[in-house]
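Per-entry structural report
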There are 2 protein chains.
Amino acid sequence: MPTTRQVLLKSRPHGPAGLDNFDMREAELPALADDDVAVRAIYMSLDPYMRGRLDAEKSYAANFEVGAPMIARCVGEVTESLNPKFQAGEVVVGMMDWADHSVVAGGKGIAKVDADLAPLPYFLGLLGMPGLTAWVGMREIGQPKEGETLFVSAASGAVGQLAGQMGKIAGCKVMGCAGTDAKLAYVTEELGFDAVFNHRTDTDYLAAMQRICPDGIDVNFENVGGAMLEAALEHANNYARFIQCGAISQYNLVGDQRYGVKNLEHLHRKRVRMQGFIVTDHWHLMREFQVEVAGWLKAGQIKYKIDITEGLENATQAFLGLLEGENFGKKVIKIGPETVS
Amino acid sequence: MPTTRQVLLKSRPHGPAGLDNFDMREAELPALADDDVAVRAIYMSLDPYMRGRLDAEKSYAANFEVGAPMIARCVGEVTESLNPKFQAGEVVVGMMDWADHSVVAGGKGIAKVDADLAPLPYFLGLLGMPGLTAWVGMREIGQPKEGETLFVSAASGAVGQLAGQMGKIAGCKVMGCAGTDAKLAYVTEELGFDAVFNHRTDTDYLAAMQRICPDGIDVNFENVGGAMLEAALEHANNYARFIQCGAISQYNLVGDQRYGVKNLEHLHRKRVRMQGFIVTDHWHLMREFQVEVAGWLKAGQIKYKIDITEGLENATQAFLGLLEGENFGKKVIKIGPETVS
């Protein structure tokens, strides 16, 4: 039997996740049954939503099981297939183990990658789940109009980058925040954000928003939550739309450690619509989304930064860093060579 | 010059409003200019949103001015008119002073009352601003579907009564809370609510909701805010709609006294849409609303409880009581006799 390295969930964190919640082992791969597909991982996506899957409490994504491999979206090469839709040597994207090799039961949820559209890691970012998240949130909930102000928290992140650039394409003034000066320089100089602040050094978020968004906030793309959300609501204009995408500031907190938002009265005072969504509900839009965004990419209207860490053995540390904002752009682990057989 | 009693805002409260923030005086009525209408008040509406108008901070309704009369929606008799649209002896509804007599400048915002539709106080409740609030919230935001669960906080209040009965008409299971056993008996026995709890004695709101709403919450009509909203969000189903109408539990609190809602992550986890609105944005629907609700009333499909206090001199105490939930049904002050000249 062939073997593979796998990263397991060893125990559930209570509060901040740590290295001791994970383990790596060498495991035998199961023999393929009908319709199964064996895949060698090339790139693996790390995303904040995975933090919720570590908990026992049911999140929207199914929980990871203690003692079983962690799961992530990966781009990989089919090495063996008993599924008529996939052939060895093809490049696919879908949910796989945190592992060098996975067997995708029934070929479920994997799709071929059109490598002509963009570099492979983009299918885990700009043209993948995070990109679709930004695109759906802006299109279905944010509905930005020309001249409005869009605020994007975590502006240089996997989702924020596209959300902000979609705001510029829609004719908005686009403001945001990020956690390092390099990130701020990137989103203003490369992505075209109009004004930004550093949320680690400029901790009076409301004052910062008042300074950089003189016309208030019409569309808020929320990735951070907690005090950042409270400030955006305080600075929101009438009829603002709040795209509730994530709350990374809260994911490692439990119970009373979580931030209490005290100004929800603004929802009725300012007639705010605050709406959450899960990208998987909108998966049927993937092709339409990819065509539009690949077009923008080709036309030079958007850019996208990927932050690659080499080696499956470094994935756990990179994931913990992601939860602390240590990534710069979409976080991807490179597990194996791009060259396909 | 004729004179009138008027209730004034004497000072702005910081925290709970008290009797000493108000004053009563005898004042001269101004002479009528072109298009002005003089009105003798019959009924005056007291509503929670008025608490926001006491503050210096801008609320959605313009602030009351210190030293000037408080303003409220009233039903009254036209006593003199220099406005061609109104004649002495007609009954009208609109914004007037907290006073026995008001001069409505330019006749602005007043409308004739069709007294055949319902008793006069209903035009301040079921067929007036609070009724339109319930109707717009349910129709535009809640969009209840047959078989869903609707939860209404402040179920026996001016808005909650109609919201709950609209839920029944839509085929929902309707649950709610109120602050006395008499109110609970009223909404279940008279209005047809399916299950309720007393939020003063049953203070673990989440446990109470779990008990009375075994299928979760699909539509939440929010009048209370704070811990009640947090519990409803915790118990919400996927794709729930939260009608953000008011937050009476928070109106007398300032700064850090306000309740911090810690579980807004459920907005994205559960794909919740939480939307606020102000009824005056929807005023053009008044006639359509009145026709539909008057039809339900005539058909015996809905009931509506009015809580009348006699005498302008008791209005301030009644308003403070309203903020503490001491009213039972829509709060109205009777200022003068119904008999028109």
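Since the structure is predicted, the reported quantities are computational estimates derived from the model, not experimental observations. (Residues numbered from 1 in each chain as written. Chains lettered and ligands numbered in written order. Predicted model: local features only at pLDDT ≥ 70, side-chain atom pairs only at ≥ 80, totals over all residues. Heavy atoms only, no water.)

Considering the relation of the copies chain A and chain B
Let me state the cut-off plainly: Copies overlap after least-squares fitting; the atoms used are the C-alpha atoms of residues with pLDDT of at least 70 in both. Pairs of residues are marked as contacts when any of their non-hydrogen atoms sit within 4.5 Å.
When chain A is fitted to chain B, the residual RMSD is 0.0 Å, and the transformation amounts to a turn of 180 degrees plus an axial shift of 0.0 Å. Both copies of the chain, as the preceding transformation shows, are related through a two-fold rotation axis. Relative to the rotation axis, the closest C-alpha in chain A is found at Gly260 of chain A, a distance of 1.8 Å. In this assembly, 97% of the residues forming the interface of chain A have copies in chain B that are likewise at the interface, indicating an isologous arrangement.

Here we look at the domain arrangement of chain A
Residue and element names in this part refer to chain A. Here is the rule: What fixes the domain bounds is an automatic or database domain assignment. Defined here as a combined quantity, buried area equals the accessible surface (1.4 Å probe) lost by two parts on assembly, summed across both. Here a polar contact is taken to be a pair of N or O atoms separated by no more than 3.5 Å, where protein atoms must pair a possible hydrogen donor with a possible acceptor and residues adjacent in sequence count only if both atoms sit in side chains. All residues other than Ala, Val, Leu, Ile, Met, Phe, Trp, Tyr, Cys, Pro, Asp, Glu, Lys and Arg, Gly among them, are scored as polar; the first ten of these are nonpolar and the last four charged.
Domain parsing of chain A yields domain 1 (3-125 + 305-334) and domain 2 (129-281). The gap between the C-alpha centroids of domain 1 and domain 2 is 28 Å. Taken together, the contacts link 21 residues of domain 1 with 15 residues of domain 2. Here domain 1 meets domain 2 over a buried area of about 1600 Å², counting both sides, of which 59% is carbon and sulfur. Where domain 1 packs against domain 2, one counts eight residue pairs in polar contact (both at pLDDT 80 or more). Of the residues that constitute the side of domain 1 that touches domain 2, the class distribution is nine nonpolar, six polar and six charged.

Topic: the nonpolar core
The line we're drawing: We define a nonpolar core as any set of buried Ala, Val, Leu, Ile, Met, Phe, Trp, Tyr and Cys residues linked to one another through side-chain atoms lying within 4.5 Å. Relative accessibility thresholds used throughout: buried, under 20% of the residue-type maximum; exposed, over 50%; partly exposed, between the two (1.4 Å probe, protein chains only). Under the scheme used here, helices are H or I runs from DSSP no shorter than 4 residues and strands are E runs no shorter than 2 residues, and both carry numbers assigned from the N terminus.
In terms of nonpolar packing, the biggest core is built from 85 residues, with Met44 and Trp98 of chain B touching the most fellow members. Broken down by element, the residue count for this core peaks at seven residues, all from helix H2 (residues 129-142) of chain B. In contact with Met44 of chain B, other than residues within four places in its own chain, are Ala72, Arg73, Cys74, Asp97, Trp98, Leu124, Leu312, Ala315, Lys331, Val332, Ile333 and Ile335 of chain B. Counting residues in each nonpolar core, the second largest holds 84 residues, with Val152, Ile302, Ala315 and Leu322 of chain A among its members.

Side note on unusual backbone geometry
Negative phi values dominate among residues other than glycine, just as trans dominates among peptide bonds. With a phi close to 65 degrees, Tyr239 of chain A is a non-glycine residue in the positive phi region. Within the fold, Tyr239 of chain A resides in strand E12 (residues 236-244). You will see that Arg271 of chain B, though not glycine, has its phi angle at about 55 degrees, which is positive. Residue placement: Arg271 of chain B occurs in the loop between helix H7 (265-269) and strand E13 (273-276).

Observations regarding the interface of chain A and chain B
Convention followed: The salt bridge definition used is simple: a Lys or Arg side-chain nitrogen within 4 Å of an Asp or Glu carboxyl oxygen.
Taken residue by residue, the interface counts 36 residues in chain A and 35 residues in chain B. With both chains or domains summed, chain A and chain B bury close to 3000 Å², and 52% of this area falls on carbon and sulfur atoms. The three residues of chain A that bury the most area against chain B are Lys262, His268 and Arg269 of chain A, which together make up 24% of that side's buried surface. For the pair chain A and chain B, the interface holds four salt bridges.

Observations regarding the packing of aromatic side chains
What counts here: Paired rings are identified among Phe, Tyr and Trp, the last through its six-membered ring, by centres lying within 6.5 Å, and are further divided according to the angle between planes into stacked (under 30 degrees), edge-to-face (over 60) and tilted (the rest). Two conditions define a charge located above a ring, namely a distance within 6 Å from the ring centre to NZ of Lys or CZ of Arg, and an angle within 35 degrees of the ring normal.
Counted by the stated rule, this structure contains 16 aromatic pairs over all chains. Here the aromatic rings of Phe197 of chain A and Tyr205 of chain A are separated by 6.2 Å at their centres, their planes lie at 35 degrees, and the arrangement is tilted. One exposure class covers both Phe197 of chain A and Tyr205 of chain A, and it is buried. Geometrically, the ring pair formed by Phe151 of chain B and Phe197 of chain B is stacked, given 6.1 Å between the ring centres and 25 degrees between the ring planes. With Phe151 of chain B in strand E8 (residues 149-152) and Phe197 of chain B in strand E10 (residues 195-198), the pair connects residues that are 46 residues apart, well separated along the chain. Of note, Lys305 of chain A hangs over the ring of Phe328 of chain A, and the distance from its end group to the ring centre comes to 4.6 Å.

Section: the side chain of Lys330 of chain A
All names here are of chain A. By secondary structure assignment, the location of Lys330 is in strand E15 (residues 330-334). At a separation of 2.7 Å, a polar atom in the side chain of Lys330 contacts the side chain of Asp47. If near-sequence neighbours (up to four positions away) are discounted, Lys330 is found in contact with Ser45, Leu46, Asp47, Leu124, Gly125, Pro130, Ala158, Gln161, Tyr304, Lys305, Ile306 and Asp307.

Quick look at the pattern of salt bridges
Evaluation of the coordinates by the stated rule reveals 36 salt bridges over all chains. Here Asp281 of chain A and Arg271 of chain B are joined by a salt bridge, their closest N and O atoms 2.8 Å apart. In this pair, Asp281 of chain A is assigned in the loop between strand E13 (273-276) and helix H8 (286-298) and Arg271 of chain B in the loop between H7 and E13, connecting two distinct chains. Look at Asp281 of chain A and you get partly exposed, because its relative accessible area is 26%. Salt bridges linked by common partners bring Arg5, Asp100 and Glu313 of chain A together as one network.

Re helix H4 (residues 181-190) of chain B
Residues and elements named next belong to chain B. Spelled out, the test is: Think of it as the arc spanned by the lines of direction from the helix axis to the C-beta atoms.
Within H4, burial applies to Lys183, Leu184, Tyr186 and Val187. End-on, the buried residues of H4 take up no more than an arc of 160 degrees, which puts them together on one face. With respect to the buried face of H4, the exposed residues turned more than 90 degrees away are Asp181 and Glu189. In this fold, the buried residues of H4 make contact with helix H3 (160-169), strand E9 (173-178) and E10. Immediately downstream of H4, the backbone of Gly192 shows phi near 85 degrees, a positive value.

What about the packing of helix H5 (residues 205-212) of chain A against helix H6 (residues 227-234) of chain A?
Residues and elements named next belong to chain A. To be explicit about the condition: Angles run from 0 to 180 degrees between N-to-C directions of axes, and those axes are lines fitted to C-alpha atoms, restricted for helices to the stretch in contact. Angle categories are assigned with fixed cut-offs, so that under 35 degrees is roughly parallel, over 145 is roughly antiparallel, 65 to 115 is roughly perpendicular, and the rest are oblique. Each crossing gets its hand from how the near helix is turned against the far one by less than a right angle, where anticlockwise is left-handed and clockwise is right-handed.
Taken N-terminus to C-terminus, the directions of H5 and H6 make an angle of 45 degrees; their axes are 9 Å apart at the nearest point. The angle between H5 and H6 falls in the class oblique. The element H5 and its partner H6 pack so that their crossing is right-handed. Residues Tyr205, Leu206 and Met209 of H5 pack against Ala227, Met228, Ala231, Ala232 and Glu234 of H6.

Topic: the environment of Gly167 of chain B
Residue and element names in this part refer to chain B. The topology assignment puts Gly167 in helix H3. For Gly167, a relative accessible area of 0% gives the class buried. Separated by 102 residues in sequence, Gly167 and Arg269 place their C-alpha atoms 25 Å apart. Contacts of Gly167, omitting those with residues within four sequence positions, involve Met138, Leu150, Cys172 and Val174.

Re the pairing of E15 of chain A
All names here are of chain A. The line we're drawing: We treat two strands as partners when DSSP finds at least two bridges between them. The path from the first strand over the helix to the second decides the hand: if it runs clockwise while the strands point away from the viewer, the crossover is right-handed.
For E15, the tally of buried residues reaches four of five residues, placing the bulk of the element in the interior. Where strand E3 (residues 37-45) meets E15, three bridges bridge the pair, whose relative direction is antiparallel. Across the sheet, Met44 pairs through a bridge with Ile333, a residue of E15. Bridge count between strand E14 (residues 306-310) and E15: five bridges; the pairing is parallel. Paired with Ile308 across the bridge in E15 is Val332. For the crossover from E14 across helix H9 (residues 315-323) to E15, the handedness is right-handed.

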